[in-house]
Amino acid sequence: MTEIAATAAPPAVVGRSLWGNAWARLKRNRAAMFSLYYLALIAVVSVFGPWFVPHEYTTIYGDYVRTPPSLSAYPKPDMIQGALSDAIKRMRVDIKEWHQDGSRVVVTVTSTKPIDDRNVRYLDRSDAFHDTRIENKSPDGLEATMSSAIKQQYFLFGTDNTGRDLLSRTLMAGRISLAIGLLAGVVAGVIGVVYGAAAGFAGGRVDEVMMRIVDVLYSLPFIFFVIMLVVFFGRNFVLMFLAVGAVLWLDMARIVRGQALSIRRQEYVQAAEAMGVGQRGILLRHVIPNLLGPVVIYMTLLVPQVIILESFLSFLGLGVQEPMTSWGVLISVGAKNIGYANWLLLFPAFFLVSTLFALNFVGDGLRDALDPKDR
Amino acid sequence: MASETILSVKDLRVRFQTLDGTVEAVKGINIKVNAGETVAVVGESGSGKSQTMMAAMNLLSSNGEATGQVDYRGQNLLSMSKSELNKVRGRKISMIFQEPMTSLDPLYTIGNQLMEPIRRHRGLSAPAAREEALKLLRLVHIPDPERRMKSYPHEMSGGQRQRVMIAMALANDPDILIADEPTTALDVTIQAQILMLLAELQRKLGMAIVFITHDLGIVRRFADRVYVMRQGEVVEEGEAEALFANPQHAYTRMLLAAEPTGTKAAPPANSPVLLEGRNVEVVFKIGGGFLGGEPLMLRAVDRISVRLKRNQTIGIVGESGSGKSTLGRALLRLLPSDGVIRFGDRDISNADRQAMRPLRHELQLVFQDPFGSLSPRMTIGQVITEGLLVHEPSLTSKQRDQRAVEALREVGLDPNARNRYPHEFSGGQRQRIAIARAMILKPKVVVLDEPTSALDRSVQKQIVELLRKLQADHELSYLFISHDLAVVRAMADYIIVMKQGKIVEEGPTQEIFDNPREAYTQTLMNAAIDSTRFRVSA
């Protein structure tokens with residue numbers, strides 16, 4: 001920049017590149033911008049959310065199986081008695097009297113045998129109470145008063161069949177789904193761009209052979225291919241990338257090849273050839289930068305495709321395995337419980353659908369921005 | 001011819017919403033068209049001449065907006081509903097466009113496309129519409145119309161397609177025919193035929209023609225009245241003859257004087273031959289291959305010999321498909337060819353990419369289309385210094401930048417331009433950039449492939465002058481490929497006329513222009529230079 005300042009008297013003029021133009025157009029597209037912000041939000045929430053949710057996505061709360069979502073804390077007042085009598089029953093003692101005292105419950109129990117102090121652990125083991133102490137004990141040891149703090153727990157999205165918090169599981173699933181979407185999308189994109197650009201750029205016989213290979217791969221049935229992989233290598237996270245990436249790069253390769261073929265015939269490429277620029281220079285400076293527009297557009301449409309494929313595989317039980325989870329897994333579980341625990345389906349489905357919507361809006365917006373045909 | 005005003009445009013304004021805010025393309029103009037007359041709207045690109053007519057026909061793009069009044073026989077077209085408008089549009093007022101290639105639907109036969117509007121607007125039965133379509137094709141002199149009814153657009157030449165477009169426009173017996181640069185995409189000889197046809201049709205059918213063009217030569221020979229537009233305003237209007245005889249506005253005078261002038265003197269006889277081709281032959285193989293059967297061999301350049309001396313300009317003239325561009329590229333070894341090509345004292349007939357690379361900076365090429373020949377994603381600085389990366393890799397980026405500044409100054413552009421992108425420049429500026437890209441390498445031979453064809457006349461003149469100046473400064477040799485004889489006359493000292501890959505005639509410029517020997521050369525000259533009117537004056 002100093003050089004510019006030295007040679008030019010007026011302030012340095014910086015042109016607006018095509019990317020700059022596209023960005024300006026995209027900014028005017030409200031649906032796309034809103035989707036972009038929404039995606040950013042989902043990504044941030046999925047990545048950082050699980051650390052802030054008080055429940056681990058693997059923790060099982062035996063007392064809270066299939067509790068419906070609620071904004072107020074568990075245990076609910078009517079649940080305290082149930083939880084209390086369950087715990088007391090395990091101590092093999094009888095309740096004489098109990099009352100709630102602020103955030104603590106005070107319970108007096110009697111027994112025919114002396115009461116062991118260690119019995120408090122039965123109360124602590126319950127998901128509803130913690131910090132149990134013996135307040136006082138009758139001299140003969142047959143009666144004791146214990147007090148226990150009520151453990152306030154929030155299950156904003158409810159819990160699942162085994163009593164795990166759905167919120168943390170949905171966010172965790174978001175991490176996995178987005179990661180698979182992004183990574184497999186990038187893998188498919190990179191393979192597709194390199195392969196397609198090479199085929200289109202080389203042209204002639206090389207192109208012919210490379211594209212026939214693509215045709216052969218196209219004819220492999222996808223599910224069959226995945227089942228085969230699973231049978232040979234067992235269920236594995238990495239396999240998911242392989243399987244999804246191996247299928248989706250084919251489309252990308254075809255699109256890129258077509259683009260590369262047409263760019264190859266552009267006059268600016270001929271001009272570069274006339275200047276003696278080598279194959280490498282042409283590929284790097286001319287073909288690839290001009291390819292990027294359609295590639296970016298297709299990538300935004302590829303990512304949702306990958307997420308759907310992963311969900312589909314997980315739904316079939318071929319994908320991500322418990323306790324790890326993904327939106328597809330959660331939806332599959334939710335679908336089985338739709339009759340009596342519909343929140344198990346609603347929350348993950350909302351996340352998946354809204355994310356896919358947003359991705360598609362962004363893709364559409366990018367297409368309009370990068371390739372304005374509304375003239 | 002009595003003059004009832006059938007179309008009048010009053011205070012028409014056209015605005016476009018763009019990224020940079022509102023752009024006013026047409027700024028309150030008034031135009032009227034009388035029955036049966038020919039009105040020309042003349043202007044350079046960006047003058048708003050096409051947008052005026054598009055607005056009148058309600059064909060503006062979605063970000064455009066028109067205000068004012070466009071009255072056709074007392075009805076305001078701008079305030080009509082779509083269905084009312086369709087009764088006028090395509091029926092009473094019809095249009096033909098510049099590009100006959102894209103105006104016809106490639107998936108339907110000519111017959112289909114002709115019959116559809118006839119049936120739609122007049123409610124004729126299929127056989128009757130067919131009769132009508134055949135009549136129209138005969139009217140526009142399409143040979144063998146019965147067979148042509150079944151042809152698809154790609155089976156016809158550009159001129160024939162434009163004839164079909166005219167036939168379609170005439171299908172419903174319009175009052176007004178709006179012709180938007182109808183001959184610009186055609187070769188000169190075809191151009192003349194189309195203009196002749198339009199004049200003839202007007203005599204027969206008596207419709208008014210609104211002729212939108214940048215070409216004053218056509219206007220002079222064709223129009224009754226002329227409107228000259230510039231930057232969205234009408235700067236001058238009047239009867240064609242009066243306007244040409246005595247132009248009032250400075251801009252009109254500038255347009256009239258924009259024809260490139262001057263001649264180029266031949267280099268001294270003893271100046272060394274720089275680039276020589278002997279019996280150069282280029283054959284394209286079409287089809288064939290794995291399952292394609294026998295390939296078709298197309299002889300694009302058929303044993304042509306050229307000797308280009310230092311400081312000489314050879315003009316290669318011919319219509320599209322004559323092989324002139326192919327010859328230029330073959331001489332630069334950008335296409336495989338047979339025959340002998342020598343550069344200086346070196347035989348480069350069989351030089352491959354690798355062997356050619358060190359020579360490339362002395363042999364440069366400038367393309368016709370200044371929009372296609374600059375990579376849209378690179379800054380101007382990157383575009384013009386790309387060659388330095390190859391030929392002078394030792395330069396630092398600072399030195400390259402310095403060279404870019406020099407090159408841009410040399411072609412008359414602000415050096416600040418190098419941080420901008422191609423799409424921010426006009427056609428003429430882009431062509432200057434393309435020339436700067438060639439000049440930065442300090443070449444000896446430059447092949448100029450129609451460098452002025454895509455530009456406005458006034459810009460053409462500037463580019464021609466720039467090229468002349470560069471030639472004088474650096475003793476360059478040009479191979480100037482063009483179909484535009486006026487430009488060639490100003491640039492070249494030697495002319496080669498090509499047709500179908502062969503040389504028809506060659507010789508010093510003056511001789512060829514004063515005394516063309518071959519019939520083909522004469523036709524070309526007549527089509528381009530002749531100024532007889534097509535029209536029996538009204």
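Calculation criteria
- Residues numbered from 1 in each chain as written.
- Chains lettered and ligands numbered in written order.
- Predicted model: local features only at pLDDT ≥ 70, side-chain atom pairs only at ≥ 80, totals over all residues.
- Helix = DSSP H or I, 4+ residues; strand = E, 2+ residues; numbered from the N terminus.
- Rg over C-alpha atoms; globule rule 2.2 N^0.38 Å.
- Buried ≥ 20, exposed ≤ 12 C-beta atoms within 10 Å, placed from the backbone.
- Contact = placed C-beta atoms within 7 Å.
- pLDDT = per-residue confidence, 0-100.
- Pairing = 2+ DSSP bridges.
- Axes fitted to C-alpha atoms, helices over the stretch in contact; angles between N-to-C directions.
- Expected span 1.5 Å × (residues − 1).
- Nonpolar A, V, L, I, M, F, W, Y, C, P; charged D, E, K, R; others polar.
- Core = buried A, V, L, I, M, F, W, Y, C linked by C-beta atoms within 7 Å.

1. Description of the overall build of chain B
Part 1 of the reasoning: Within chain B, the secondary structure is distributed over 20 helices and 20 strands.
Part 2 of the reasoning: Here the C-alpha radius of gyration of chain B, 25 Å, is about what a compact globule of 538 residues would show, namely 24 Å.
Part 3 of the reasoning: Along the first, second and third principal axes, the C-alpha atoms of chain B reach 70 × 55 × 50 Å.
Part 4 of the reasoning: Split into buried and exposed, the 538 residues of chain B put 46% on the buried side.
Part 5 of the reasoning: The long-range share in chain B, meaning contacts at least 24 apart out of those at least 6 apart in sequence, stands at 70%.

2. Let's talk about the environment of S62 of chain B
Part 1 of the reasoning: Within the secondary structure layout, S62 of chain B lies in the loop between α1 (49-56) and β4 (64-72).
Part 2 of the reasoning: As for S62 of chain B and F16 of chain B, which are separated by 46 residues in sequence, their C-alpha atoms are 8.8 Å apart.

3. Some words on the confidence of the model for chain B
Part 1 of the reasoning: Of all residues in chain B, 95% have pLDDT values of 70 or greater, and the mean over the chain is 84.
Part 2 of the reasoning: Across the assembled chains, the prediction reports ipTM 0.74 with pTM 0.74.

4. Structural notes on the sheet that holds strand β1 (residues 5-18) of chain B
All names here are of chain B.
Part 1 of the reasoning: With respect to topology, four strands assemble into an open sheet ordered β2-β1-β4-β5, the strand pairing being antiparallel. Only two strands of the sheet have a single neighbouring strand rather than two, namely β2 (21-34) and β5 (75-76).
Part 2 of the reasoning: Two elements, β4 and β5, share two bridges in a ladder whose sense is antiparallel. The partner of D71 across the bridge, within β5, is N76.
Part 3 of the reasoning: With respect to the sheet, α1 is in contact with β1, β2 and β4, its orientation differing from that of β1 by roughly 110 degrees.

5. What to know about the sheet that holds strand β8 (residues 208-213) of chain B
Residue and element names in this part refer to chain B.
Part 1 of the reasoning: Read across the sheet, six strands follow the order β6-β7-β8-β3-β9-β10 without closing on themselves; strand pairing throughout is mixed. In this open sheet, the two edge strands, each paired with only one partner strand, are β6 (93-96) and β10 (233-239). Within this sheet the neighbouring strands show an average axis-to-axis angle of 15 degrees, counted without direction.
Part 2 of the reasoning: Note: strand β3 (residues 38-42) against strand β9 (residues 225-230), four bridges, orientation parallel. Bridge assignment links V41 to a residue of β9, and that residue is Y227.

6. Section: helix α17 (residues 457-474) of chain B
Residues and elements named next belong to chain B.
Part 1 of the reasoning: Taking 1.5 Å of rise per residue, 18 residues should cover 26 Å, and α17 covers 26 Å from first to last C-alpha, within 8% of that figure.
Part 2 of the reasoning: Among the residues of α17, those classed as buried are R457, V459, Q460, K461, I463, V464 and L467.
Part 3 of the reasoning: Buried residues along α17 sit against α11 (250-256), α16 (427-439), β17 (445-449) and α18 (485-491).
Part 4 of the reasoning: After α17 finishes, the residue E475 shows a positive phi value of roughly 55 degrees.

7. What about the confidence of the model for chain A?
Part 1 of the reasoning: For chain A, mean pLDDT is 80; residues scoring 70 or higher make up 94% of the total.
Part 2 of the reasoning: Low pLDDT, under 50, characterises residues 1-11 of chain A; the predicted model gives this stretch 10 contacts beyond four residues in sequence or across chains.

8. What to know about the pairing of β9 of chain B
Where a strand is regular, its side chains alternate between the two sheet faces.
Residues and elements named next belong to chain B.
Part 1 of the reasoning: With six of six residues buried, β9 lies mostly within the body of the structure.
Part 2 of the reasoning: The two faces of β9 match: R225, Y227 and M229 on one face and V226, V228 and R230 on the other face are all buried.
Part 3 of the reasoning: The pairing of β9 with β10 spans six bridges and is classified as antiparallel. Its bridge partner being in β10, M229 is matched across the sheet by V234.
Part 4 of the reasoning: Between β9 and β10, which pair antiparallel and follow one another directly, the connecting turn spans two residues, one of which, Q231, has a positive phi of 45 degrees.

9. Focus on the interface of chain A and chain B
Part 1 of the reasoning: Residue-level contacts link 30 residues of chain A with 35 residues of chain B.
Part 2 of the reasoning: At the level of elements, α1 (2-7), α2 (18-28), α10 (267-274) and α11 (279-316) of chain A are the ones that each hand at least two residues to the side of chain A that touches chain B.
Part 3 of the reasoning: Here the residues of the side of chain A that touches chain B are counted per class, giving 14 nonpolar, eight polar and eight charged.

10. Considering the nonpolar core
Part 1 of the reasoning: Judged by nonpolar contacts, the single largest core of 219 residues is most densely connected at I176, V210, L331, L479 and F480 of chain B.
Part 2 of the reasoning: Looking at which element gives the most residues to this core, the answer is helix α6 (residues 166-202) of chain A, with 14 residues.
Part 3 of the reasoning: Other than its neighbours up to four places away in sequence, V210 of chain B contacts V33, V39, V41, M53, I176, I178 and A179 of chain B.
Part 4 of the reasoning: Ranked by size, the runner-up nonpolar core spans 16 residues in total, among them M91, V93, V107 and A144 of chain A.

11. Considering the environment of A173 of chain A
All names here are of chain A.
Part 1 of the reasoning: Its location among the elements puts A173 in helix α6.
Part 2 of the reasoning: When the C-alpha positions of A173 and L183 are compared, they lie 15 Å apart, and in sequence the two are 10 residues distant.
Part 3 of the reasoning: The residues contacting A173, other than those within four sequence positions of it, are T325, S326, W327, V329, L330 and P348.

12. So, unusual backbone geometry
All names here are of chain B.
Part 1 of the reasoning: Positive phi values are uncommon outside glycine, yet H141 reaches one of about 60 degrees.
Part 2 of the reasoning: By the secondary structure assignment, H141 is in the loop between α5 (126-139) and α6 (145-148).
Part 3 of the reasoning: H141 gets classed as partly exposed once you count the C-beta atoms within 10 Å, which come to 15.
Part 4 of the reasoning: The residue N311 is not glycine, and still its phi comes out positive at about 65 degrees.
Part 5 of the reasoning: Inspection of the secondary structure assignment puts N311 in the loop between β12 (296-309) and β13 (313-317).

13. Some points on the pairing of β4 of chain B
Residues and elements named next belong to chain B.
Part 1 of the reasoning: Sheet topology note: the β1/β4 ladder contains eight bridges and is antiparallel. Across the sheet, S8 pairs through a bridge with D71, a residue of β4.
Part 2 of the reasoning: Where β4 folds back on β5, the antiparallel hairpin that results is connected by two residues, among which R73 adopts a positive phi of roughly 45 degrees.

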